[in-house]
Amino acid sequence: MALRLLVVMDPPSTVLVDADTSFALMEAAEARGHRVDHALITDLCAEVEPASGQRRAGVRSRRARCSRDPSRPPITLLDEERAWLADYDAVLVRKDPPFDANYLWATQVLELARGETLIVNDPRGLREANEKLYALHFPSVMPRTLVSSDRRELLAFLREHGKIVLKPLSGAGGDGVFLVTEGDLNTNAIIETVTTLGRRLAMAQEFLPAVARGDKRVLVLDGEPLGGLLRVPKAGDVRSNIHVGGSVERAPLDADDLRIVEAVRDRLRADGLYFVGLDVIGGKLTEVNVTSPTGIQQMSRFDGVDHSARVVDWIERRVGAGR
């Protein structure tokens, strides 16, 4: 069953062949004989025909060819084509944050294709699930958390815990994340920076000492765990994100991970968030990554299992069941 897939993502020039999850999914699909097309979110479009009452979502896409040959680009794009999203069997939305106005408008265009093709992740779910705030739906598995723009509230939270992690709601990849300790002379400046002088909400969480051992990424597919890996911060940094120098280690799932997956499963499925990454520190859920969760290549190498192929298997089954 040859499928036609569209991957809405960043430009191919941003791809890291040995680390990029979007590349691995495209490569696995192409190896199965499926057609894989590439598009930017700005390549999406929509048309309305008043006489018939029709509205359709479309895209200016290019067929993609993947290669691990270092002498060639990782993704080569062929000639541009104009297509309707309904022409695709599945659309994978893999655009990296930030979730800005362009991203918002893209989800609204994508929503016009709901019911006409499989969209992973669902555009309505992407709008609902701010990657910091979405975790608040699962308080029983979270650390102590405060969301506020008020300096007095944040200082009181810091006094209560002695040490907190403060981060902007719009950040990604460890950007703008601060470890704040009571008595630090920079505390007020940090709060002002993260909250933009009190004009933006920020998230404060109790400091979890287990972060020294690493921040676990648990990849979840349709409510079921694919596996996990541990991102370990480099010396002198509390952030374990790979983008800021964190290293990666094998991390089998434990009882806490499975308990967290159980807690989030039904809500993820209800919101159409089929492929997500859970960030877990010391058995506590800190974030839910829904836009373009990463780590599948590293996890595949540690486990000796092609997890990208498992995702393609799932897409084939979902598309087949809908035909």
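For the structure, check the block above.
Just so it is clear, the structure is predicted and the values come from calculations on it, not from any experiment.

A. Focus on the side chain of Glu 287. Relative to the assigned elements, Glu 287 resides in strand 16 (residues 284-289). By relative accessible area, Glu 287 is classed as buried at 12%. At a separation of 3.1 Å, a polar atom in the side chain of Glu 287 contacts the side chain of Lys 167. Those residues within four positions of Glu 287 in sequence are excluded, and the remaining contacts are Glu 131, Lys 132, Ala 135, Lys 167, Gly 277, Leu 278 and Asp 279.

B. Inspection of the side chain of Arg 35 at higher detail. Assignment of secondary structure puts Arg 35 in strand 2 (residues 35-39). In this structure Arg 35 comes out as buried when scored by relative accessible area, which is 19%. At 3.0 Å, the side chain of Arg 35 and the side chain of Glu 81 are in polar contact. The residues contacting Arg 35, other than those within four sequence positions of it, are Leu 3, Arg 4, Leu 5, Arg 63 and Glu 81.

C. Structural detail: the packing of aromatic side chains. Using the criterion set out here, one finds three aromatic pairs in the structure. Between Phe 99 and Tyr 103, the aromatic rings sit 4.5 Å apart at their centres with planes inclined by 20°, giving stacked as the arrangement. Look at Phe 99 and you get partly exposed, because its relative accessible area is 35%. Ring centres of Tyr 274 and Trp 314 lie 5.3 Å apart, and the angle between their planes is 45°; on these two criteria the pair is classed as tilted.

D. Inspection of the pattern of salt bridges at higher detail. Going through the model one piece at a time under the given rule, you end up with 34 salt bridges. Asp 43 is the partner of Arg 60 in a salt bridge, and the nearest nitrogen-oxygen pair spans 3.8 Å. Placement of Arg 60 in strand 4 (residues 54-66) and of Asp 43 in the loop between strand 2 and strand 3 (44-49) is noted, with a sequence separation of 17 residues between them. A relative accessible area of 30% means that Arg 60 is categorised as partly exposed. Judged by its relative accessible area of 15%, Asp 43 falls in the buried class. Among the salt bridges present, the one from Asp 122 reaches Arg 114, with a minimum N-O distance of 2.7 Å.

E. The arrangement of helix 6 (residues 255-270) in detail. Taking 1.5 Å as the rise per residue, helix 6 with 16 residues should run 22 Å; its terminal C-alpha atoms sit 24 Å apart, in good agreement. Taken together, the buried positions of helix 6 are occupied by Asp 257, Ile 260, Val 261, Val 264, Arg 265 and Leu 268. Summarising the contacts, the buried residues of helix 6 are in contact with strand 12 (215-221), strand 13 (224-232), strand 15 (275-281) and strand 16. For helix 6, the N-terminal cap is Asp 254; the gap from its side-chain oxygen to the backbone nitrogen of Asp 256 is 3.1 Å.

F. Representation of the sheet that holds strand 8 (residues 145-148) within the structure. Strand order across the open sheet formed by four strands is 8-11-9-10, with antiparallel pairing between neighbours. Here the strands that pair on one side only, and so sit at the sheet edges, are strand 8 and strand 10 (178-181). Averaged over all neighbouring strand pairs, the angle between strand axes comes to 25°, with direction disregarded. Where strand 9 (residues 163-168) and strand 11 (residues 202-206) come together, five bridges link them in antiparallel fashion. Bridge assignment links Val 165 to a residue of strand 11, and that residue is Gln 205. Across the sheet, helix 4 (residues 151-161) touches strand 8, strand 9, strand 10 and strand 11, and the angle it forms with strand 9 is around 145°.

G. Geometry of the environment of Leu 40. Within the element layout of this structure, Leu 40 appears in the loop between strand 2 and strand 3. Note: C-alpha distance between Leu 40 and Pro 12 (28 residues apart in sequence) is 9.7 Å. Setting aside residues no more than four positions away along its own chain, Leu 40 makes contact with Val 8, Met 9, Asp 10 and Pro 11.

H. Focus on the sheet that holds strand 16. In spatial order, the strands read 14-13-12-15-16; together these five strands make up an open sheet with antiparallel pairing. The sheet terminates laterally at strand 14 (247-250) and strand 16, the two strands that pair on one side only. Taking each pair of neighbouring strands and ignoring which way they run, the sheet shows an average axis angle of 30°. Here four bridges tie strand 13 to strand 14, and the two strands are oriented antiparallel to one another. Note on strand 14: the bridge partner recorded for Arg 231 is Val 248. Against the sheet, helix 7 (residues 296-303) touches strand 12, strand 13, strand 14 and strand 15, its axis set at about 95° to strand 13.

Cut-offs and rules
Residues numbered from 1 in each chain as written. Predicted model: local features only at pLDDT ≥ 70, side-chain atom pairs only at ≥ 80, totals over all residues. Heavy atoms only, no water. Helix = DSSP H or I, 4+ residues; strand = E, 2+ residues; numbered from the N terminus. Buried < 20%, exposed > 50% of the residue type's maximum accessible area, 1.4 Å probe, protein only. Polar contact = N/O pair within 3.5 Å; in protein donor to acceptor, adjacent residues only side chain to side chain. Contact = heavy atoms within 4.5 Å. Phe/Tyr/Trp six-rings, centres within 6.5 Å; stacked < 30°, edge-to-face > 60°. Salt bridge = Lys/Arg side-chain N within 4 Å of Asp/Glu carboxyl O. Expected span 1.5 Å × (residues − 1). Pairing = 2+ DSSP bridges. Axes fitted to C-alpha atoms, helices over the stretch in contact; angles between N-to-C directions.

These figures capture arrangement, not role.
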